[in-house]
Amino acid sequence: MLKTKQLTFLTDLETQAQDWTFNGAPTRELTHCYHDYPARMIPQVAGKLLDLFAPVDATLLFDPYCGTGTSLVEGLTRGLNVIGTDLNPLARLIAKAKTATPDIEKVDEQISKFNRFVLARKSKFLAESPDIQGISRLEFWFKPSVIENLARLKRFVDGIDDESVRIFFQVAFSETVRESSNTRNHEFKLYRYDEEHLKKFNPDAFELMAEKLKRNRAGLQKFFAIMRNFKHPPTANVYGFNTAEGIPHTEIARASVDIVVTSPPYGDSHTTVAYGQYSRLSAAWLGLDEPDKIDNKLMGGKSVKKISAFECTPLDSALHEIHRVDPKRALEVSAFYSDLCNSISHVAQVLVPGGYACYVVGNRKVKGIVLPTDAAIRCFFERNDFVHIDTFHRSIPNKRMPLRNSPTNVSGAMDNTMTQEYIVVMRRKIPRTLRDKRQLLEKIGVAARTTKTTTQRAPKTKSA
Ligand SMILES: C[S@@+](CC[C@H](N)C(=O)[O-])C[C@H]1O[C@@H](n2cnc3c(N)ncnc32)[C@H](O)[C@@H]1O
């Protein structure tokens, strides 16, 4: 019989297994330190999902809303090939940088060159002001001395020949742009500092960039230390397709993905997190596509004329309630869930039978009514032949996102919302014929690929 002490120990283990908070855990290890981003997933959540649900012989992870690539990095360090997609070009650039292993000697060579460039900066003058597409009032967002320095930094970065080294520098430059701009840095939307603050605000873009490079170089080294253990290093691909419209099967074949780990946006960009706005200044300086037009393209960005019947009772009831108080708002909300529903129907097809889909979501409020996104995800997957495995609850200790929003859309009317996240885990059913074949193989002692159940993964490392 178990003694009390042993019982307490077991209960502690159980509690730990259920604890998804990771309060105080370091979230900026490895290449996760490269760049801030709104509503980033914390690496520990992605890592734990992979450890719990990726079968030992899994080879491919997909993130349909990869943002800066948190789950991709966690997948790579566990030996999985990873594919991500995101409509935001800045997020894609960061995700590419975080999942790349550039030649570290070449990175160091450029960093030394950069440090010499920083020392010599006073002797260089720019003849003309830079042409930055996508920001109509450059002087409103940057002080003249900052514009001049950013233009010099940009010229340095653009002059780097090696693409993966250049991307490493571009990411450091992007954060430098943001932090040396006149925007209130602790906010994701673009708000200018007040005049009083601006009088005292004299950022040194050169110093800022040198600090970022140093920090990111240290993160890269740690990432390298893990990745070099793989005999066959896993691959990473980051695309810009919209899963709500479809998945190009040239990039991801049907039934090829072992696990999806993702965090979709909490709602449309206009009323939740403005990813486009957050990225605008950096994207414009980097010359990325359409810095101003992203938000309309993201989930729920396009208007619909009719509220869909989702045949998901909790979601349909919430939409009905919102419609009673504000029909226009109900249409906007409905547009978001239509996109989510379409996206899931496409994601469902690329998962292998027996594969897992793990969605980390928040249930936001609109007009004071809670939108049950966790339940909606479950419904949408169930109609695509998935079974519900579990929904874990996670209290958010310090996620950088608007914890207070305006559920009424009335400026100043605030509500505490989204202090909880839901981690919905679904599994694709295994068709009867496949199950029978599997049972037969098991009987004769041959383990089929899809027979694996949840197991701890061990990295596929080189032998010592
Ligand atoms: C919550 S963030 C993901 C953050 C990411 N897990 C990370 O750790 O950086 C949601 C992402 O979804 C992207 N997004 C929104 N609508 C999209 C769509 N239709 N297709 C692809 N990406 C989309 C946004 O650009 C944003 O980067």
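Rules of the game
- Residues numbered from 1 in each chain as written.
- Predicted model: local features only at pLDDT ≥ 70, side-chain atom pairs only at ≥ 80, totals over all residues.
- Helix = DSSP H or I, 4+ residues; strand = E, 2+ residues; numbered from the N terminus.
- Buried ≥ 20, exposed ≤ 12 C-beta atoms within 10 Å, placed from the backbone.
- Contact = placed C-beta atoms within 7 Å.
- Near = placed C-beta within 6 Å.
- Nonpolar A, V, L, I, M, F, W, Y, C, P; charged D, E, K, R; others polar.
- Axes fitted to C-alpha atoms, helices over the stretch in contact; angles between N-to-C directions.
- Parallel < 35°, antiparallel > 145°, perpendicular 65-115°, else oblique.
- Core = buried A, V, L, I, M, F, W, Y, C linked by C-beta atoms within 7 Å.
- pLDDT = per-residue confidence, 0-100.
- Right-handed = clockwise from strand over helix to strand, strands pointing away.
- Pairing = 2+ DSSP bridges.
- Left-handed = near helix turned anticlockwise from the far one by under 90°.
- Expected span 1.5 Å × (residues − 1).
- Arc of directions from axis to C-beta.

Asker: Which residues make up the overall build of the chain, and what values do they have?
Answerer: Helix and strand counts for the chain stand at 16 helices and 11 strands. In the chain, buried positions account for 42% of the 464 residues. For the chain, long-range pairs separated by at least 24 residues make up 77% of all intrachain contacts whose partners lie at least 6 apart in sequence.

Asker: Explain the site of the ligand residue by residue, including any values.
Answerer: Of all residues adjacent to the ligand, which total 22 residues, the nearest are Tyr-65, Gly-67, Thr-70, Asn-88 and Leu-298. For the shell around the ligand, a count of residues per class yields 12 nonpolar, eight polar and two charged.

Asker: Please give an account of the packing of helix α13 (residues 313-325) against helix α14 (residues 327-350) that cites residues and values.
Answerer: Contact geometry of α13 with α14 gives a least axis separation of 7 Å together with a crossing angle of 155°. Relative to α14, the element α13 lies roughly antiparallel. Packed against α13, whose contacting residues are Leu-315, Leu-319, Ile-322 and His-323, the element α14 presents Pro-327, Arg-329, Ala-330, Val-333, Ser-334 and Tyr-337 at the interface. Class assignment for the residues of the contact of α13 with α14 results in seven nonpolar, two polar and one charged.

Asker: Any details on the nonpolar core? Residues and values, ideally.
Answerer: Ile-94, Val-257, Ile-259, Val-260, Ala-357 and Cys-358 are the most contacted members of the largest nonpolar core, which has 117 residues in total. In terms of residue count, α14 provides more of this core than any other element does, 10 residues in total. Aside from chain neighbours lying at most four places away, what touches Cys-358 is Leu-49, Phe-53, Val-260, Val-261, Ile-423 and Val-425.

Asker: A description of the confidence of the model for the chain should follow, citing residues and the corresponding values.
Answerer: Per-residue confidence for the chain averages 87 on the pLDDT scale, and 85% of its residues sit at or above 70. A low-confidence stretch, residues 399-416 (pLDDT under 50), is modelled with 28 contacts involving residues beyond four sequence positions or located in other chains.

Asker: Kindly report on the pairing of strand β1 (residues 60-63), identifying the contributing residues and their values.
Answerer: What you see with β1 is no split at all: Leu-60 and Phe-62 on one side and Leu-61 and Asp-63 on the other are buried throughout. One crossover worth recording links β1 to the parallel strand β2 (residues 81-85) by way of helix α3 (residues 70-77), and it is right-handed. Bridge count for β1 against strand β4 (residues 257-262) is two bridges, and the pairing is parallel. Counted as the bridge partner of Phe-62 is Val-260 from β4.

Asker: Please set out unusual backbone geometry residue by residue, giving values where relevant.
Answerer: Across the chain, the bulk of peptide bonds are trans and the bulk of non-glycine residues have phi less than zero. Although it is not a glycine, Phe-22 adopts a positive phi angle of roughly 55°. Relative to the helices and strands, Phe-22 is located in the loop between α1 (4-18) and α2 (43-53). The phi angle at Asp-385 is positive, at roughly 70°, despite the residue not being glycine. With respect to the helices and strands, the residue Asp-385 is situated in the loop between α15 (373-382) and β8 (386-395). We classify Asp-385 as exposed; it has 12 C-beta atoms within 10 Å.

Asker: Requested: an account of the sheet that holds β1, with residues and values cited.
Answerer: Strand order in the open sheet made by the seven strands is β3-β2-β1-β4-β5-β11-β8, with mixed pairing throughout. Edge positions in the open sheet fall to β3 (236-239) and β8, since each of these has one partner strand only. With strand direction ignored, the average angle separating the axes of adjacent strands in the sheet is 15°. Relative to the sheet, helix α4 (residues 89-99) contacts β2 and β3, its axis offset from that of β3 by approximately 175°.

Asker: Talk me through the environment of Thr-27; I want residue IDs and the actual numbers.
Answerer: Within the fold, Thr-27 resides in the loop between α1 and α2. As a C-alpha pair, Thr-27 and Thr-70 span 43 residues in sequence and 9.9 Å in three-dimensional space.

Asker: I'd like to hear about the packing of helix α5 (residues 104-119) against helix α8 (residues 163-180), residue by residue, with values.
Answerer: Running from amino to carboxyl end, α5 crosses α8 at an angle of 50°, the nearest separation of the two axes being 10 Å. Overall, the two elements α5 and α8 adopt an arrangement that is oblique. Crossing angle aside, the handedness with which α5 passes α8 is right-handed. From α5, Lys-106, Val-107 and Gln-110 reach across to α8, where they touch Val-165, Phe-168 and Phe-169. Partitioning the contact of α5 with α8 into residue classes produces four nonpolar, one polar and one charged.

Asker: Requested: an account of the pairing of strand β5 (residues 351-361), with residues and values cited.
Answerer: With respect to burial, β5 is a largely interior element, 10 of its 11 residues being buried. Judged from the five bridges that link them, β4 and β5 form a sheet pairing that is parallel. Considered in β5, the bridge of Thr-262 is made with Tyr-359.

Asker: Run through the environment of Asn-229, naming residues and quoting values.
Answerer: Summarising the element assignment, Asn-229 is placed in the loop between α10 (205-227) and β3. Separated by 150 residues in the primary sequence, Asn-229 and Gly-79 have C-alpha atoms spaced 9.6 Å apart.

Asker: Outline helix α7 (residues 144-158), listing residues and values.
Answerer: When the terminal C-alpha atoms of α7 are compared, their 21 Å separation across 15 residues agrees well with the 21 Å that a helix rising 1.5 Å per residue should span. Among the residues of α7, those classed as buried are Val-146, Ile-147, Asn-149, Leu-150, Leu-153 and Val-157. Down the axis of α7, the sector holding all buried residues measures 170°, keeping them to one side. Those residues of α7 hidden inside the fold are in contact with α6 (138-141), α8, α10 and α11 (275-286).

Asker: Which residues make up α10, and what are the values?
Answerer: Taking 1.5 Å of rise per residue, the 23 residues of α10 would be expected to cover 33 Å, and the 32 Å separating its terminal C-alpha atoms lies within 8% of that figure. Those residues of α10 that sit buried are Ala-205, Phe-206, Leu-208, Met-209, Lys-212, Leu-213, Asn-216, Leu-220 and Phe-223. Taken together, the buried residues of α10 touch α5, α7 and α8.

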